[in-house]
Amino acid sequence: RKISKSVPWEKRRFEAVTIERLKRLDLNEADSTALVTVRGIGPWSAHAIMKERARWGYFVTVSQLRKIRSLDARWLKEWDSVFYVVPRAPALFLNSSSFAELNEFYGFRFHQVKRIVFYRERFGPVLWSELTSWEEFSDVDTTFLRHYVSE
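Here the structure is a predicted model, which means the values were calculated and not measured.

Chemist: So what's going on with the overall build of the chain? Residues and values would help.
Modeler: What the chain contains, in helices and strands, is 8 helices and 4 strands. For the chain, the residues scored as buried account for 36% of the 151 residues in total. A separation of at least 24 residues holds for 52% of the contacts in the chain among residues at least 6 apart in sequence. For the chain, the exposed area adds up to about 10,600 Å²; of that, 53% sits on carbon and sulfur atoms.

Laid out in C-alpha coordinates, this is it:
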(Lines give C-alpha, C1' and ligand atoms only; values in the text may rest on other atoms or scores of the structure.)
Protein backbone atom coordinates (compact mmCIF):
# COMPACT_ATOMS: atom_id res chain seq x y z
CA ARG A 1 0.00 0.00 0.00
CA LYS A 2 1.40 3.35 -1.03
CA ILE A 3 1.02 6.33 1.32
CA SER A 4 0.89 9.64 -0.44
CA LYS A 5 2.42 12.67 1.12
CA SER A 6 0.17 15.64 1.65
CA VAL A 7 0.60 18.54 -0.69
CA PRO A 8 1.38 21.86 1.00
CA TRP A 9 -1.48 24.32 0.84
CA GLU A 10 0.55 26.75 -1.24
CA LYS A 11 0.79 24.22 -4.07
CA ARG A 12 -2.79 23.04 -4.04
CA ARG A 13 -5.01 24.09 -6.88
CA PHE A 14 -8.26 25.60 -5.82
CA GLU A 15 -11.12 25.79 -8.21
CA ALA A 16 -12.92 29.08 -7.99
CA VAL A 17 -16.33 28.55 -6.47
CA THR A 18 -18.77 31.00 -7.89
CA ILE A 19 -21.75 32.01 -5.83
CA GLU A 20 -24.68 33.30 -7.75
CA ARG A 21 -25.38 36.79 -6.51
CA LEU A 22 -28.94 37.53 -5.55
CA LYS A 23 -30.66 40.46 -7.21
CA ARG A 24 -33.05 41.26 -4.33
CA LEU A 25 -33.26 39.90 -0.79
CA ASP A 26 -36.06 40.28 1.78
CA LEU A 27 -34.36 40.93 5.12
CA ASN A 28 -37.18 39.23 7.03
CA GLU A 29 -37.01 35.98 5.07
CA ALA A 30 -33.31 35.64 4.30
CA ASP A 31 -31.20 33.11 6.14
CA SER A 32 -27.48 33.50 6.73
CA THR A 33 -26.65 31.48 3.60
CA ALA A 34 -28.55 33.94 1.42
CA LEU A 35 -27.09 36.95 3.23
CA VAL A 36 -23.47 35.96 2.56
CA THR A 37 -24.18 35.90 -1.19
CA VAL A 38 -24.52 39.69 -1.07
CA ARG A 39 -21.28 41.48 -1.90
CA GLY A 40 -19.70 42.82 1.29
CA ILE A 41 -21.67 40.57 3.67
CA GLY A 42 -19.63 37.82 5.25
CA PRO A 43 -20.48 35.32 7.99
CA TRP A 44 -19.88 37.86 10.77
CA SER A 45 -22.16 40.47 9.18
CA ALA A 46 -24.81 37.85 8.40
CA HIS A 47 -24.77 36.83 12.06
CA ALA A 48 -25.14 40.46 13.13
CA ILE A 49 -28.13 40.91 10.80
CA MET A 50 -29.79 37.72 12.06
CA LYS A 51 -29.20 38.81 15.66
CA GLU A 52 -30.75 42.25 15.04
CA ARG A 53 -33.76 40.67 13.35
CA ALA A 54 -34.22 38.27 16.28
CA ARG A 55 -34.01 41.20 18.70
CA TRP A 56 -36.85 43.13 17.03
CA GLY A 57 -38.79 40.19 15.62
CA TYR A 58 -38.60 41.59 12.08
CA PHE A 59 -37.18 44.51 10.16
CA VAL A 60 -39.40 47.46 9.31
CA THR A 61 -36.94 49.27 7.05
CA VAL A 62 -33.63 48.54 5.38
CA SER A 63 -32.18 51.54 7.21
CA GLN A 64 -32.38 49.54 10.45
CA LEU A 65 -29.25 47.76 9.28
CA ARG A 66 -27.41 51.03 9.79
CA LYS A 67 -28.02 50.65 13.53
CA ILE A 68 -25.58 47.75 13.37
CA ARG A 69 -22.35 49.62 13.92
CA SER A 70 -20.17 47.28 11.84
CA LEU A 71 -22.48 47.63 8.82
CA ASP A 72 -23.05 51.37 9.06
CA ALA A 73 -19.32 52.05 9.01
CA ARG A 74 -18.89 50.26 5.67
CA TRP A 75 -22.32 50.66 4.08
CA LEU A 76 -22.34 49.88 0.37
CA LYS A 77 -24.67 51.94 -1.79
CA GLU A 78 -25.87 48.83 -3.64
CA TRP A 79 -27.33 47.41 -0.41
CA ASP A 80 -30.12 49.99 -0.67
CA SER A 81 -31.32 48.26 -3.83
CA VAL A 82 -30.41 44.66 -2.94
CA PHE A 83 -32.18 44.52 0.41
CA TYR A 84 -35.89 45.14 0.83
CA VAL A 85 -38.53 44.61 3.50
CA VAL A 86 -42.09 43.39 3.08
CA PRO A 87 -44.28 45.42 5.48
CA ARG A 88 -45.74 43.53 8.42
CA ALA A 89 -48.58 44.28 10.79
CA PRO A 90 -47.50 45.14 14.34
CA ALA A 91 -47.36 42.12 16.63
CA LEU A 92 -48.05 44.02 19.88
CA PHE A 93 -50.74 46.39 21.04
CA LEU A 94 -50.38 49.14 23.63
CA ASN A 95 -53.84 48.53 25.03
CA SER A 96 -54.29 44.77 24.87
CA SER A 97 -50.85 43.13 25.05
CA SER A 98 -50.00 41.81 28.48
CA PHE A 99 -47.36 43.26 30.78
CA ALA A 100 -45.15 40.23 30.05
CA GLU A 101 -45.51 40.58 26.26
CA LEU A 102 -44.65 44.29 26.33
CA ASN A 103 -41.80 43.71 28.76
CA GLU A 104 -40.26 41.02 26.52
CA PHE A 105 -40.25 43.38 23.56
CA TYR A 106 -36.79 44.79 22.91
CA GLY A 107 -38.03 48.33 22.28
CA PHE A 108 -39.44 48.85 25.78
CA ARG A 109 -37.76 49.05 29.18
CA PHE A 110 -39.33 47.78 32.39
CA HIS A 111 -40.19 51.24 33.74
CA GLN A 112 -41.88 52.17 30.45
CA VAL A 113 -44.02 49.03 30.41
CA LYS A 114 -44.93 49.60 34.04
CA ARG A 115 -46.14 53.10 33.20
CA ILE A 116 -48.19 51.89 30.20
CA VAL A 117 -49.92 49.14 32.16
CA PHE A 118 -50.54 51.39 35.16
CA TYR A 119 -52.09 54.04 32.91
CA ARG A 120 -54.30 51.49 31.14
CA GLU A 121 -55.58 50.09 34.42
CA ARG A 122 -56.18 53.49 35.96
CA PHE A 123 -57.32 55.72 33.08
CA GLY A 124 -58.13 53.53 30.07
CA PRO A 125 -56.55 53.21 26.62
CA VAL A 126 -53.15 54.73 25.95
CA LEU A 127 -52.70 56.82 22.82
CA TRP A 128 -49.32 57.28 21.15
CA SER A 129 -49.86 61.03 21.11
CA GLU A 130 -50.12 60.99 24.90
CA LEU A 131 -47.34 58.48 25.46
CA THR A 132 -44.85 60.70 23.61
CA SER A 133 -45.28 63.37 26.28
CA TRP A 134 -44.34 61.03 29.13
CA GLU A 135 -40.94 61.50 30.72
CA GLU A 136 -40.22 57.75 30.38
CA PHE A 137 -40.30 58.11 26.60
CA SER A 138 -38.39 61.38 26.21
CA ASP A 139 -35.38 59.65 24.61
CA VAL A 140 -37.33 57.07 22.56
CA ASP A 141 -38.13 57.23 18.85
CA THR A 142 -41.83 56.54 19.26
CA THR A 143 -42.48 56.99 15.54
CA PHE A 144 -40.23 54.00 14.93
CA LEU A 145 -41.87 51.96 17.72
CA ARG A 146 -45.28 52.42 16.12
CA HIS A 147 -44.16 50.00 13.42
CA TYR A 148 -43.97 47.29 16.08
CA VAL A 149 -46.68 48.30 18.54
CA SER A 150 -50.14 49.42 17.50
CA GLU A 151 -52.65 51.35 19.61
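On we go.
Chemist: Which residues make up the nonpolar core, and what are the values?
Modeler: Counting 21 residues, the largest nonpolar core has Leu 94, Phe 105, Phe 108, Ile 116, Leu 131, Tyr 148 and Val 149 as its most contacted members. Among the secondary structure elements, those contributing two or more residues to this core are helix 6 (110–123), helix 7 (128–131) and helix 8 (142–145). Top contributing element to this core by residue count: helix 6, with 4 residues. Ignoring sequence-local partners within four residues, the contact set of Phe 108 consists of Leu 94, Leu 102, Val 113, Ile 116, Trp 128, Phe 137, Leu 145 and Val 149. Formed by 20 residues, the second largest nonpolar core is a distinct cluster that contains Ala 48, Ile 68, Leu 71 and Val 85.

Chemist: How would you sum up the side chain of Gln 64? Please name residues and give values.
Modeler: Structurally, Gln 64 is set in the loop between helix 2 (43–56) and helix 3 (69–72). Excluding its chain neighbours within four sequence positions, the residues that come into contact with Gln 64 are Trp 56, Tyr 58, Phe 59, Phe 144 and Tyr 148.

Chemist: Could you give an account of helix 6, with specific residues and numbers?
Modeler: When the terminal C-alpha atoms of helix 6 are compared, their 20 Å separation across 14 residues agrees well with the 20 Å that a helix rising 1.5 Å per residue should span. By the burial criterion, the buried members of helix 6 are Gln 112, Val 113, Ile 116, Val 117, Tyr 119 and Arg 120. Burial along helix 6 is one-sided: seen end-on, the buried residues are contained in an arc of 160°. With respect to the buried face of helix 6, the exposed residues turned more than 90 degrees away are Lys 114, Glu 121, Arg 122 and Phe 123. Phi turns positive one or two residues past the end of helix 6, at Gly 124, with a value near 110°.

Chemist: Pulling in residues and values, what's your account of the packing of aromatic side chains?
Modeler: Within the structure shown, the criterion is met by 15 aromatic pairs. Ring plane angle 45° and centroid distance 5.7 Å describe the contact between Phe 105 and Tyr 148, whose orientation is recorded as tilted. Of this pair, Phe 105 sits in the loop between helix 5 (99–104) and helix 6 while Tyr 148 is found in the loop between helix 8 and strand 4 (149–150), placing the two residues 43 residues apart along the sequence. Judged by centre distance (5.2 Å) and plane angle (50°), the ring pair of Tyr 119 and Trp 134 falls under tilted. Here Tyr 119 is found in helix 6, whereas its partner Trp 134 is found in the loop between helix 7 and helix 8, with 15 residues between them in sequence. By the burial criterion, Tyr 119 is buried, and Trp 134 matches it. Members of the aromatic cluster, each reached through a chain of ring pairs, are Trp 56, Tyr 58, Phe 105, Tyr 106, Phe 108, Tyr 119, Phe 123, Trp 134, Phe 137, Phe 144 and Tyr 148. Taking NZ or CZ as reference, Lys 67 lies 5.2 Å from the ring centre of Phe 144, over its face.

Chemist: Describe the pattern of salt bridges, and please don't skip the residues or the numbers.
Modeler: On inspection of all chains with the given rule, the structure shows 5 salt bridges. Between Glu 78 and Arg 39 there is a salt bridge whose closest N-O contact spans 2.8 Å. Of the two residues, Glu 78 is situated in the loop between helix 3 and helix 4 (79–82) and Arg 39 in the loop between helix 1 (32–35) and helix 2; the sequence distance between them amounts to 39 residues.

Chemist: How would you sum up helix 2? Please name residues and give values.
Modeler: When the terminal C-alpha atoms of helix 2 are compared, their 20 Å separation across 14 residues agrees well with the 20 Å that a helix rising 1.5 Å per residue should span. Taken together, the buried positions of helix 2 are Ser 45, Ala 46, Ala 48, Ile 49, Glu 52, Arg 53 and Trp 56. Down the axis of helix 2, the buried set is contained in an arc of 160°. They therefore lie on one face. Within helix 2, the exposed residues directed more than 90 degrees away from the buried face are Pro 43, Trp 44, His 47, Lys 51 and Ala 54. Of the residues flanking the end of helix 2, it is Gly 57, one or two places downstream, whose phi is positive at about 100°.

Parameters at a glance
Residues numbered from 1 in each chain as written. Predicted model: local features only at pLDDT ≥ 70, side-chain atom pairs only at ≥ 80, totals over all residues. Heavy atoms only, no water. Helix = DSSP H or I, 4+ residues; strand = E, 2+ residues; numbered from the N terminus. Buried < 20%, exposed > 50% of the residue type's maximum accessible area, 1.4 Å probe, protein only. Contact = heavy atoms within 4.5 Å. Areas by Shrake-Rupley, 256 points an atom, 1.4 Å probe, with all protein chains shown as cover. Core = buried A, V, L, I, M, F, W, Y, C linked by side-chain atoms within 4.5 Å. Expected span 1.5 Å × (residues − 1). Arc of directions from axis to C-beta. Phe/Tyr/Trp six-rings, centres within 6.5 Å; stacked < 30°, edge-to-face > 60°. Lys NZ or Arg CZ within 6 Å of the ring centre and 35° of its normal. Salt bridge = Lys/Arg side-chain N within 4 Å of Asp/Glu carboxyl O.

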